[in-house]
Amino acid sequence: MQSKDRAVMRVLAGEKIWPPPIWMMRQAGRYLPEYRAVRAKAPNFLDFCYNPDLATEVTLQPIRRYGFDASILFSDIFVVPDAIGYPVRFEEGRGPVLEPLSSDLVDRLEQERAEDHLKPVIETVSRLRAELPKETTLLGFCGAPWTVACYSVAGHTTPDQIAARVGSYRHPELLERFIEHLVKASIRYLIRQLDAGADAVQIFDTWAGVLDDAGFEKWSIRPTKAIVSGVKAERPNAKIIGFPKSSAARMETYIAKTGVDAVGLDWTAPDSLALEIQKKVPIQGNLDPMRLVAGGQALDDGVDHILRTFNKGPLIFNLGHGVTPDADPDNVARMVERVKRG
Ligand code: CP3
């Protein structure tokens, strides 16, 4: 089967398919007992991302269990800064911890390191394409520079990204220099994923929604546009999904200016806006992941609402953000079954 014939790829090309294809952000993750068992073998999270055996295995787990229509490479957005020499580590119970952003640190970044450093991730992509069912779309990804930078300004995340916002006003030229590095490395990284067998790629901008209008233009749209143009300049047929979270009100501008082929929506997107967006590009989303924690009627209602509201155009069923560790795997099965009934 050719890439363009896979269901998710057909929707990304603008076709409406019913029932819609489905996958789930963070589908390889701690809500699955089989993921936790593999994760226990790799105490260092980044080492886990750079281990093709383990990364391939956990990427395939949710495909075996649920038969999702797309598989997303198991990796993390922080492999890109790590690859160019930005100090990053994951602390148990705390998440990513980075060295606070400084001019000296940016001076020390080296694009040339990335090629070798990311080889194991690219190898995971090739193995996945070989092992996945032929009809399953393989998605690659990277973090949008703003979202990666959010964790770097203070060295960790802060509520509503206040540290990153203050940093963006006080030292815009420093942030700009770091973001240029991330843009450059992300373009190469996405192209290599596509060449190794990824059918399409997604750019995760989880923290786009904390920015004001000027900030959204400068820190979310501009770098994303640079990545999209950079990838498409070399791979004109590449399909790119943008996911600027909590940004439904700015989505039309984002689409027009960045040139993404489709967008992910979160659960706070008003239906009326989401329907307008769906007239422009295929949409992906947007079940509240907490409905997978609650289960029962709340889950069924959430699924039905999306199916009823967006059945006139191209839809890839997904969550509005990643599945959480407290979600019940049986609820995921219930969601998939209900979506497959259409
Ligand atoms: O299944 C998949 O979706 C593929 C793999 C994937 C991971 N992270 C694995 C992961 C993807 C696509 C990501 C993207 C990512 N990582 C984003 C953007 C999307 C989003 O969810 O907002 C962000 C902001 C990160 C950064 C990150 N990685 C944080 C803040 C954390 C710690 C918080 C947490 O959930 O533990 C991680 C760790 C991480 N990345 C885990 C997984 C499965 C959990 C780590 C573990 O197993 O201990």
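About the thresholds
Residues numbered from 1 in each chain as written. Predicted model: local features only at pLDDT ≥ 70, side-chain atom pairs only at ≥ 80, totals over all residues. UniProt positions renumbered as here; feature names shortened; annotations may be inferred. Helix = DSSP H or I, 4+ residues; strand = E, 2+ residues; numbered from the N terminus. Buried ≥ 20, exposed ≤ 12 C-beta atoms within 10 Å, placed from the backbone. Core = buried A, V, L, I, M, F, W, Y, C linked by C-beta atoms within 7 Å. Contact = placed C-beta atoms within 7 Å. Pairing = 2+ DSSP bridges. Axes fitted to C-alpha atoms, helices over the stretch in contact; angles between N-to-C directions. Right-handed = clockwise from strand over helix to strand, strands pointing away.

In the nomenclature of an unreviewed UniProt entry, the protein chain is known as Uroporphyrinogen decarboxylase of Roseibium algae. Quoted verbatim from the Subunit (unreviewed entry) heading of the UniProt record, the comment on the protein chain is "Homodimer."

**Some remarks on the environment of Ser-102**
Within the secondary structure, Ser-102 is located in the loop between strand 3 (95–98) and helix 6 (103–108). Ser-102 sits in the partly exposed class, given 13 other C-beta atoms within 10 Å. When the C-alpha atoms of Ser-102 and Val-153 are compared, they prove to be 8.2 Å apart, with 51 residues separating the residues in sequence.

**Examining the nonpolar core**
Note that soluble globular proteins tend to have their nonpolar side chains buried in a common cluster. Grouped together as the largest cluster of nonpolar side chains are 108 residues, with contacts concentrated most on Val-80, Leu-139, Ala-149, Ile-240, Val-263 and Ile-283. Other than its neighbours up to four places away in sequence, Ile-283 contacts Ala-262, Val-263, Leu-265, Ala-274, Ile-277, Gln-278, Phe-310 and Leu-315.

**Overview of the sheet that holds strand 7 (residues 262–264)**
Spatial strand order, 1-4-5-6-7-8-9: seven strands in an open sheet with parallel pairing. Bordering the open sheet on either side are strand 1 (70–72) and strand 9 (315–319), each of which pairs with just one other strand. This sheet shows a mean twist of 25 degrees between the axes of neighbouring strands, independent of strand direction. When strand 4 (residues 137–143) meets strand 5 (residues 200–205), the two strands line up parallel, connected through five bridges. The partner of Gly-140 across the bridge, within strand 5, is Val-201. Sitting on the sheet, helix 11 (residues 172–196) touches strand 4 and strand 5, and the angle it makes with strand 4 is about 170 degrees.

**Focus: the pairing of strand 5**
By the criterion of burial, strand 5 is predominantly enclosed, with six of the six residues buried. Of the two faces of strand 5, the one holding Ala-200, Gln-202 and Phe-204 and the one holding Val-201, Ile-203 and Asp-205 are both buried throughout. Both strand 5 and strand 6 (residues 240–244) contribute to a ladder of five bridges, which runs parallel. Its bridge partner lying in strand 6, Phe-204 is registered against Phe-243. Read as a crossover between parallel neighbours, the route from strand 5 over helix 12 (residues 213–234) to strand 6 is right-handed.

**A short note on the UniProt feature "binding site: substrate" (unreviewed entry) in the protein chain**
The feature "binding site: substrate" (unreviewed entry), as annotated in UniProt, sits at Arg-26, Gln-27, Ala-28, Gly-29, Arg-30, Asp-76, Tyr-151, Thr-206 and His-321 in this numbering. Across 296 residues in sequence, these annotated residues place their C-alpha atoms as far as 22.6 Å from one another, rather than forming a single compact spot. Along the chain, Arg-26 turns up in the loop between helix 1 (7–12) and helix 2 (33–39). For Arg-26, the contacting residues outside a window of four places in its chain are Gly-322 and Val-323. Mapped onto the elements of the fold, Arg-30 is located in the loop between helix 1 and helix 2. In contact with Arg-30, other than residues within four places in its own chain, are Tyr-35, Arg-36 and Pro-325.

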